[in-house]
Every structure is written in structure tokens, then in C-alpha cells.
Amino acid sequence: MPAGDIKVYPNNGSSRWYYFNGSKREYLSKKDIIFAKKLVEKKFLCLRRNALLEQKENLKNREGEYYIEATKLQEFLEDVRYRKLFYPSENNYDENEIIQTWKVQKYNRNPKYPEQLVFKCPSGNTVRSKSEVFIDIVLSERGLPYRYEGELELGNIKFYPDFTILNPNTNEIIYWEHLGRMDDPVYARAALEKIRIYYKNGLIPGKNLYITFETKDRPFSYEDAVTALKMMGL
């Protein structure tokens, strides 16, 4: 990796890139994009290394867990200014006719509590939690076709799974539910009842339904989202 660091600053709706190496400060133009991307990749790897070392130290000490470095990594991944350089704009999957049609189809979204949609994703979507931002990021960076809180009617009940994914390898639908307060007994009972109804209607965990969890003491991370996607074979 090249020496030095990159910092990206907002500039009238766009971004300006600056290269720092000791006391040197240099503006990077569009012709320097390959070099800029290398610097951003280096920044990511350094942040990820520090987060993993922090996790290792927490596991070794088993006391007073802290997540300073992990928070820095998460903030980097959520920063759309760096994301434009770090992730390629091209999808990783060839889009067949089924995918193209599915992506442009209109669908009903969850009309409940729109005021809770306060977390802006780098993709441009707005979601309800920081954990859903991580999920949105991993789906976007893999170039997967997906919907957020799309309507699913089972019998006479309407549900709005957090994410609906069209598997580009099989053209089958996968639902991803993230359950965020599993240490809350009331929330947990309602969540498990929803899973029971899903199962009764043919949505099988590990097949066409994937569920991730978190509690106050065990928050959901970007790495958890990556792991879940691997479990789906995507």
C-alpha cells in the first residue's frame, strides 16, 4: 500500500480528495482516482485491523469491553464520501431479464411509523436502525437486487420483512429479518410469533428465510452482516 493517508471533504454537493504524507498536503484530481482508491482501501484495512486487535484484547481480558476502534470502522463504512472510492459502482452479478423486471417493479412498503426512518444509508435508502444500515451496505456492495420493507401477504395478514432479496443465482426470493431487541421479553415474544407464522406459511429458516439477532450487550455489526450473507451463499 502507498505511504500516507487520504481525507475526503464535502465541496458543494460533491467531494474533494486530499493526500497527506507527513507535512505534505496535496489535492488529488479525478486523474488520480486509482491512487485515491488505493489510499481508501489502505484506510479500511488499517481500521479493520485495529478493530480486530481490539476484539482480540476484549476476548483475552473478558472484562470492560469497549468498541472504540470498531466504532471508527463502522463510521468509515457508513461515510458515503469514502464509499464512492472504496466500492465499485458495477454490480457483481449479470442482470438477467427476471432481475431487471423485478428491480423496476413497484411494491407496497411499510406505511407504519415513517418518522422512524432516520438512518441514511450510502445507497440512498433510509432505514430504521444502524444495524439495518450495515445490512443495506453489504447488499449494495455485492450488487444484489433487494427491497426494504416490501409487503408480504400471508393469508389475510400483511408483513413487511426488513429485506427481500432476489437471489441472482437461482431467481428465488429470500427474506432477511433482523430482530434487534431480543433481550426485551415483549419484543422477543412478538418476534418469535412472527417467525412461527412465517414457518407455517412455507418460509423456512436457513432456506428462504434468514434471521439475525442482537441484544443491548451484543450489538449487530458490519461483520455480522457479511457473515449472514455468506450463510445465504451470496
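So, a few notes on the structure that sits alongside this text. (Residues numbered from 1 in each chain as written. Predicted model: local features only at pLDDT ≥ 70, side-chain atom pairs only at ≥ 80, totals over all residues. Heavy atoms only, no water.)

## Observations regarding the overall build of the protein
Point 1. Across its full length, the protein holds seven helices and 11 strands.
Point 2. Going through the 234 residues of the protein one by one, you find that 40% of them count as buried.
Point 3. Put simply, 53% of the contacts in the protein that link residues at least 6 apart link residues at least 24 apart.
Point 4. Element-wise, carbon and sulfur atoms account for 51% of the exposed surface of the protein, whose accessible area totals about 14200 Å².
Point 5. Seen as two clouds, the 38 positive and the 33 negative side-chain charges of the protein have centres 4 Å apart. (Helix = DSSP H or I, 4+ residues; strand = E, 2+ residues; numbered from the N terminus. Buried < 20%, exposed > 50% of the residue type's maximum accessible area, 1.4 Å probe, protein only. Contact = heavy atoms within 4.5 Å. Areas by Shrake-Rupley, 256 points an atom, 1.4 Å probe, with all protein chains shown as cover. Lys, Arg positive; Asp, Glu negative; His and termini not counted. Charge placed at Lys NZ, Arg CZ, Asp CG, Glu CD.)

## Quick look at the sheet that holds strand E2 (residues 14–21)
Point 1. The strand order E1-E2-E3 describes an open sheet built from three strands, whose pairing is antiparallel. Here the strands that pair on one side only, and so sit at the sheet edges, are strand E1 (5–11) and strand E3 (24–28). The average angle at which neighbouring strand axes cross in this sheet is 30°, direction not considered.
Point 2. Bridge analysis of E2 against E3 gives five bridges, and the strand direction is antiparallel. Each residue of the ladder has a partner; that of phenylalanine 20, found in E3, is arginine 25.
Point 3. Packed on one face of the sheet, helix H1 (residues 33–61) meets E1, E2 and E3 and runs near 110° to E1. (Pairing = 2+ DSSP bridges. Axes fitted to C-alpha atoms, helices over the stretch in contact; angles between N-to-C directions.)

## Quick look at the packing of aromatic side chains
Point 1. Going through the model one piece at a time under the given rule, you end up with eight aromatic pairs.
Point 2. Aromatic pair tyrosine 9 and tyrosine 18: ring centres 5.9 Å apart, planes at 65°, arrangement edge-to-face.
Point 3. Given the relative accessible area of 35%, tyrosine 9 is considered partly exposed.
Point 4. Between tyrosine 19 and phenylalanine 35 the ring centres are 5.1 Å apart and the planes differ by 70°, which places this aromatic pair in the edge-to-face class. Of this pair, tyrosine 19 sits in strand E2 while phenylalanine 35 sits in helix H1; the two residues are 16 residues apart in sequence, bridging distant segments of the chain.
Point 5. Its relative accessible area of 8% is what places tyrosine 19 among the buried residues.
Point 6. With a relative accessible area of 30%, phenylalanine 35 lands in the partly exposed category. (Phe/Tyr/Trp six-rings, centres within 6.5 Å; stacked < 30°, edge-to-face > 60°.)

## What to know about the packing of helix H2 (residues 68–78) against helix H5 (residues 130–141)
Point 1. In the contact formed by H2 and H5, the axes pass within 11 Å of each other and the chain directions differ by 55°. If you check the angle between H2 and H5, you find them oblique. In terms of crossing hand, the pair formed by H2 and H5 is left-handed. Contact with H2, carried on its side by Gln74, Leu77 and Glu78, involves Lys130, Val133, Phe134 and Ile137 of H5 and no other residues of that element. (Parallel < 35°, antiparallel > 145°, perpendicular 65-115°, else oblique. Left-handed = near helix turned anticlockwise from the far one by under 90°.)

## Structural notes on the side chain of threonine 164
Point 1. Along the polypeptide, threonine 164 turns up in strand E9 (residues 163–166).
Point 2. Classification of threonine 164 as buried rests on a relative accessible area of 7%.
Point 3. In contact with threonine 164, other than residues within four places in its own chain, are Trp102, Pro145, Tyr146, Arg147, Ile173, Ile174 and Tyr175.

## Looking at H1
Point 1. The terminal C-alpha atoms of H1 lie 42 Å apart, and with 29 residues this matches the ideal 42 Å at 1.5 Å per residue to within 8%.
Point 2. If you check which residues of H1 are buried, you get Ala36, Leu39, Val40, Lys42, Lys43, Phe44, Leu47, Ala51, Glu54 and Asn58. (Expected span 1.5 Å × (residues − 1).)

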